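# Chains, contacts and geometry: an overview
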Amino acid sequence: SRLGDGSNGTTSIYYGNDLIWEMQYGGSYPDEAIPFLREALHVNYSAGIWLGGRGPELYENETYRYRNKCATGENFDEFKGVEYIEKMVDGEWVLLGKHEYRGGFLFPDGWS
């Protein structure tokens, strides 16, 4: 049996042996949404755009819609937000899932 479609994790950046930056994320998407999620993320990654390390504010096709609401804009130092994937069902957008994320430098004021 399957326990669910949830996922969470951490992305970390080290300088030498020191952890200096981290992003935590968590939420859930059904398997059917994952290829579209990767497509949406690729839009920003391939263009070198930082929006919370996720996809664009809006990306959609006739079946799926991705939305990223990054509360802190293009700030790499400290950020948080939430992304959603919706599916068109009978002429209306239906929420399939979401992920929340947050992160930034662990020493925003420098090394102590």
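Our structure is the block above this text.
Quick caveat: nothing in here was measured; it's all calculated off a predicted structure.

Looking now at the pattern of salt bridges. Applying the stated criterion across every chain yields a total of five salt bridges. Between Arg54 and Glu83 there is a salt bridge, with its nearest N and O atoms 2.9 Å apart. Of this pair, Arg54 sits in the loop between helix H1 (34-47) and strand S3 (58-60) while Glu83 sits in strand S5 (residues 78-89); the two residues are 29 residues apart in sequence, bridging distant segments of the chain. For Glu83, a relative accessible area of 0% corresponds to the buried category. The closest approach of N and O atoms between Glu86 and Arg67, which form a salt bridge, is 3.3 Å. One end of the pair, Glu86, is in strand S5; the other, Arg67, is in strand S4 (residues 64-70), with 19 residues separating them in the sequence. On the basis of relative accessible area, Glu86 is assigned to the buried category, the value being 9%. Given a relative accessible area of 23%, Arg67 falls into the partly exposed group. Each of Arg65, Arg67 and Glu86 takes part in one network of salt bridges that share partners.

Along the chain, Gly97 falls in strand S6 (residues 92-105). Taking the relative accessible area as the measure of exposure, Gly97 reaches 8% and is therefore buried. Along the chain, Gly97 and Lys87 lie 10 residues apart, while their C-alpha atoms are 9.7 Å from each other.

The rules behind each value
- Residues numbered from 1 in each chain as written.
- Predicted model: local features only at pLDDT ≥ 70, side-chain atom pairs only at ≥ 80, totals over all residues.
- Heavy atoms only, no water.
- Salt bridge = Lys/Arg side-chain N within 4 Å of Asp/Glu carboxyl O.
- Helix = DSSP H or I, 4+ residues; strand = E, 2+ residues; numbered from the N terminus.
- Buried < 20%, exposed > 50% of the residue type's maximum accessible area, 1.4 Å probe, protein only.

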